[in-house]
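So you can see what is in the structure, the chains are spelled out below.
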Amino acid sequence: MGAAMRRIHVGNALSAFGLGFTVPYLYVYVAQVRGLGAMTAGVVLAVFAVAALLVLPLAGRAIVRRGPLPVLVAALVTAAVGALSLGLAGNAPAVLGAAALLGAGQAVMQPALATMIVDCSSAETRSRAFATQFFLQNLGLGVGGLIGGHLVDTTRVSSFTLLFAIEAAMFLLLVVVMSTVRTPHAPRIADAPASAARGSWKRLLENRAMVQLSVLGFVLFFACYGQFESGLSAYGVEAAGISTSALGTALAANTLMIVVAQFAVLRFVERRRRSRVIAGVGLIWAVAWGVAGYAGLGHGSQEMATAAFVSTYALFGLGEAMLSPTVAPLVADLAPSGMAGQYNSAFALVKQLALAVGPAVGGPLAASLPAPYIVTFLLFSLGISVLAIRLGKQLTTVQDQPWLTTRSKVVARGGATTESVSA
């Protein structure tokens, strides 16, 4: 791992650490501490999604034309202003405006950082680089949330202002760290004819493998991440009778599984076909939904229901650990030279769409119809496996099995040495 990659990973950890201070407490802050009500808090969460959907198409083009670092710095400054403004906002318009800035900045950070990882890695090291990113993100979120939970006091607005100020400071510190990164020069659309830039989205949509991966990505995020804090938690409380403390334990189990299993899982998936790994995740998540079904619809004790519900989140974490070194590197490998920023932003846009639609569908369904809710998302998980197998037919050997390229190079070098010795 070179110096540039180390600083990028430090940056990922810092951004996640800052977000961890505020993400778990945003709803409580707006609805209760500021006294703006549940409706305004819900609108704030929607504003985050809308802001991301508006800026991501523009972010992809900017990353391709200008490079990821200037776009990342602009996003970090925007997010810092939004975070600090949110901590100081006392009325609904100010809160919504600050949320729009923070949401836009956060959304653009993801593809910019992902593109920097692509620029600083090779096909052989990319899976490990993205696995490290995912590990540090979850670790940062967990540590930030833990510290924030000890600092926050719902009776004092100033304690929340402190949390948002810390978040803003982390973003500005990340600006300093990222400014020292020197990434290898990658081709930019700005270096090509103007017609290439205008046709970038058209080229992306003509890439059948990328379109299929985007559809698969939507289902992945819709059926898992889009349910964590909405449908699945509503199902746990309403159908399984899970307490809020047990829900917190389940979320902690998810993070713990990722942190503990990430690199052990990495060694397994690095030598497997990417499409088969994703298909395996679909099967694991199908089992997770089956366990969740037992928790809420079975006739066991409350202790058994709680244990099953916590296990559901842990199984989701295992699947996430398998996806982190698989999906993001595949997006990068599908991108033509100089187009990684466009592809990363497009995939981030798909993710945001899924995260916006998932809670809207899952929450009401889980609260009113728990059995159909479980069956629906169990079928979605099996659909992930089917889509992954179909995607595998569109991928080249290098895209689906990049480790074969590394092995071929080693064999080739060994063969050349043997021939020279024989000569």
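Residues numbered from 1 in each chain as written. Predicted model: local features only at pLDDT ≥ 70, side-chain atom pairs only at ≥ 80, totals over all residues. Heavy atoms only, no water.

**Some remarks on the overall build of the protein**
As a reminder of what qualifies: By definition, any uninterrupted DSSP run of H or I lasting at least four residues is a helix, any uninterrupted run of E lasting at least two residues is a strand, and each is numbered from the N terminus. Only C-alpha atoms enter the radius of gyration, while the globule expectation follows 2.2 Å times N to the 0.38, with N the number of residues. We call a residue buried when its accessible area falls under 20% of the maximum for its residue type, exposed when it is over 50%, and partly exposed in between, using a 1.4 Å probe and counting protein chains only. The contact criterion used throughout is that any non-hydrogen atoms of two residues lie within 4.5 Å.
The helix and strand tally for the protein stands at 20 helices and zero strands. Here the protein has a C-alpha radius of gyration of 22 Å; the compact-globule value for 423 residues is 22 Å, and the two agree. Along the three orthogonal principal directions, the C-alpha set of the protein runs to about 80 × 50 × 40 Å. Here the protein holds 423 residues, and 51% of them are scored as buried. Summarising the internal contacts of the protein: among those between residues at least 6 apart in sequence, 85% fall at separations of at least 24.

**Notes on the confidence of the model for the protein**
In low-pLDDT segments, the atomic positions of the prediction should not be examined closely. Just so we agree on the cut-off: Per-residue confidence from the predictor is reported as pLDDT, which spans 0 to 100.
Looking at the protein as a whole, its pLDDT mean stands at 83, while 91% of the residues score no less than 70. Note that pLDDT drops below 50 for residues 189-197; the model gives that stretch eleven contacts with residues more than four away or on any other chain. Between residues 415-423, whose pLDDT stays under 50, and residues either more than four places distant or in other chains, the model counts zero contacts.

**Points about a nonpolar patch on the surface**
Rules: Two distance rules govern patches: like charges are joined within 9 Å, and nonpolar side chains (Val, Leu, Ile, Met, Phe, Trp, Tyr) within 5 Å, applied only to residues with over 30% relative accessible area and no salt bridge. Throughout, the Shrake-Rupley method with a 1.4 Å probe supplies accessible areas, and for residues the shown protein chains are the sole cover considered. Throughout this description, the term salt bridge denotes a Lys or Arg side-chain nitrogen within 4 Å of a carboxyl oxygen of Asp or Glu.
On the surface, L139, V143, I147, L151 and L162 cluster together into a nonpolar patch covering about 350 Å² of accessible area. The biggest single contributor to the nonpolar patch is helix α6 (residues 126-151), with four residues.

**Focus on the side chain of T115**
You can see T115 is positioned in helix α5 (residues 92-119). T115 has contacts with I63, P68, A340, G341 and N344, leaving out every residue within four places of it along the chain.

**Looking at the pattern of salt bridges**
In the structure shown here, the tally under the stated rule is five salt bridges. D400 is paired through a salt bridge with R273; the nearest N and O atoms lie 2.9 Å apart. Of this pair, D400 sits in helix α19 (residues 397-400) while R273 sits in the loop between α13 (244-269) and α14 (274-297), and the two are 127 residues apart along the sequence. Judged by its relative accessible area of 1%, D400 falls in the buried class. One network of salt bridges, in which partners are shared, links R126, R274 and D333.

**Focus on the environment of V47**
Following the sequence through the fold, V47 ends up in helix α3 (residues 37-66). Overall, the relative accessible area of 18% leaves V47 in the buried class. For V47 and L349, which are 302 residues apart along the polypeptide, the C-alpha to C-alpha distance reads 15 Å.

**Topic: α5**
Quick reminder of the rule: Expected helix span is given by 1.5 Å per residue-to-residue step, counting one fewer step than there are residues. Under the rule applied, a polar contact is a pair of N or O atoms within 3.5 Å (in protein, one hydrogen donor and one hydrogen acceptor; residues adjacent in sequence only if both atoms are side-chain atoms).
Between the first and last C-alpha of α5 there are 41 Å, a value that for 28 residues agrees with the 40 Å anticipated at 1.5 Å per step. The element α5 is largely enclosed, with a buried count of 20 among its 28 residues. Capping the start of α5, N91 holds a side-chain oxygen 2.9 Å from the backbone nitrogen of A94, two or three residues further along.

**A look at the packing of helix α4 (residues 68-88) against helix α7 (residues 157-179)**
So the rule is basically this: Fitting a line to C-alpha atoms yields each axis, with helices limited to the stretch in contact; the angle taken between N-to-C directions then spans 0 to 180 degrees. We call two directions roughly parallel when the angle between them is under 35 degrees, roughly antiparallel when it is over 145, roughly perpendicular when it lies between 65 and 115, and oblique otherwise. Left-handed describes a crossing in which the near helix is turned anticlockwise from the far one by less than a right angle; the clockwise case is right-handed. In this classification, the charged set is Asp, Glu, Lys and Arg, the nonpolar set is Ala, Val, Leu, Ile, Met, Phe, Trp, Tyr, Cys and Pro, and all remaining amino acids, among them Gly, are polar.
Their axes nearest at 8 Å, the elements α4 and α7 cross at an angle of 165°. Taken together, the axes of α4 and α7 lie roughly antiparallel to each other. Handedness of the crossing formed by α4 with α7: left-handed. Residues L69, L72, V73, L76, V77, A79, A80, A83, L84, L86, G87 and L88 of α4 pack against T161, F164, A165, E167, A168, F171, L172, L174, V175 and M178 of α7. A per-class count over the contact of α4 with α7 returns 19 nonpolar, two polar and one charged.

**Points about the packing of aromatic side chains**
Short version of the rule: Classification of ring pairs uses Phe, Tyr and Trp, with its six-membered ring standing for Trp, and accepts pairs whose centres are within 6.5 Å; under 30 degrees between planes counts as stacked, over 60 as edge-to-face, and the remaining range as tilted.
Counted under the stated rule, the structure contains 16 aromatic pairs. When the ring of Y29 is compared with that of F164, the centres are 5.0 Å apart and the planes differ by 55°; the resulting orientation is tilted. On the criterion of sequence distance, the pair formed by Y29 in helix α2 (residues 26-33) and F164 in helix α7 is long-range, its members being 135 residues apart. Under the relative-accessibility criterion, F164 is labelled buried at 2%.

**Overview of a positive patch on the surface**
Short version of the rule: Positive charge is attributed to Lys and Arg, negative charge to Asp and Glu, and no charge count is given to His or to the chain ends. Positions of charges follow a simple convention, taking NZ of Lys, CZ of Arg, CG of Asp or CD of Glu.
Together, R208, R276, R390 and K393 give the surface a local cluster of positive charge. Mapped onto the secondary structure, R390 falls in helix α18 (residues 370-392).

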